[in-house]
Amino acid sequence: MAHMALTVGFDLDMTLIDSRPGIRACYQALSERTGTYIDADLAVTRLGPPLAEELINWFPAEEVAAMADLYRAMYPAIAITATPAMTGAREAIAAVREAGGRAIVVTAKYEPNAKLHLAHLRIEPDAVIGDLWAEQKADALREHDAGVYVGDHVGDVRGARTAGALSVAVATGPCPAEELRAAGADVVLTDLTEFPRWLSDYRPARA
């Protein structure tokens, strides 16, 4: 049975962690340091895509790579302790383990910072793979033979479908439930507190 165990992938920002307070603070610090206006409140309403896709709204294209490096370097001291776990996050990981499965995190976030968040919050997945967005996530999901991918963004739905995994969406991020359904999510949950019960129903269906 070990080689047949279900692997469930999870997104990070707005799926397992509420990264808005930390990211807002980091954008504000970046704005102060560079003297460039950044609407941090607006930026945190559209979390999900890679950092560069947000920075291009505030910096010239030729400066984006350097600003991304600066942001990532500032991030650990500013954002980690400010970021709580999403309600139900630990229980969702535990439910996968209790079902005999593996839980992995596949995220667009810079991988070292993703690992810092999880360590700080004492959330311990079996693997963490960063720097992958939307369809790119399928590479990691296939590598780890993930049958389910849980995320909050339509990009997560696209990643799951590209990988041939079941797309379980949680309406806790920038994309409302109807948008997630329209993107092709197989299951839409209000939040992760509904995930353990869904998983317990899903496993007999698989068998």
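What counts, and at which threshold
- Residues numbered from 1 in each chain as written.
- Predicted model: local features only at pLDDT ≥ 70, side-chain atom pairs only at ≥ 80, totals over all residues.
- Heavy atoms only, no water.
- Pairing = 2+ DSSP bridges.
- Helix = DSSP H or I, 4+ residues; strand = E, 2+ residues; numbered from the N terminus.
- Axes fitted to C-alpha atoms, helices over the stretch in contact; angles between N-to-C directions.
- Parallel < 35°, antiparallel > 145°, perpendicular 65-115°, else oblique.
- Contact = heavy atoms within 4.5 Å.
- Bend = angle between axes of the 7 residues up to and from the residue.
- Buried < 20%, exposed > 50% of the residue type's maximum accessible area, 1.4 Å probe, protein only.

Q: Sorry, what's going on with the sheet that holds strand E2 (residues 102–106) here?
A: Two strands in a sheet stick together by hydrogen bonds in their backbones, pointing the same way (parallel) or opposite ways (antiparallel). Strand order in the open sheet made by the 6 strands is E3-E2-E1-E4-E5-E6, with parallel pairing throughout. A single partner strand is all that each edge strand has here, and the edge strands are strand E3 (127–129) and strand E6 (187–189). The mean inter-strand angle of the sheet, taken between neighbouring strand axes irrespective of direction, is 20°. Sheet topology note: the strand E5 (residues 166–170)/E6 ladder contains 3 bridges and is parallel. Considered in E6, the bridge of Val 170 is made with Leu 189.

Q: I tried to follow the packing of helix H4 (residues 64–79) against helix H6 (residues 111–121) on my own but got confused; where do I start?
A: It is the contact of H4 with H6, at a shortest axis distance of 10 Å, that shows an interaxial angle of 10°. On the basis of the axis angle, H4 is roughly parallel to H6. Within the contact between the two elements, H4 uses Arg 72, Tyr 75, Pro 76 and Ala 79 and H6 uses Asn 113, Leu 116 and His 117.

Q: Which parts of the structure should I look at to understand H4?
A: Because each turn of an α-helix spans 3.6 residues, side chains separated by three or four positions end up pointing in the same direction. Along H4, the sharpest kink reaches roughly 30°, centred on Ala 73 and followed within four residues by the proline Pro 76. Residues Val 64, Met 67, Ala 68, Leu 70, Tyr 71, Met 74, Tyr 75 and Ala 79 constitute the buried set of H4. On its buried face, H4 sits against helix H1 (20–34), helix H3 (51–55) and H6.

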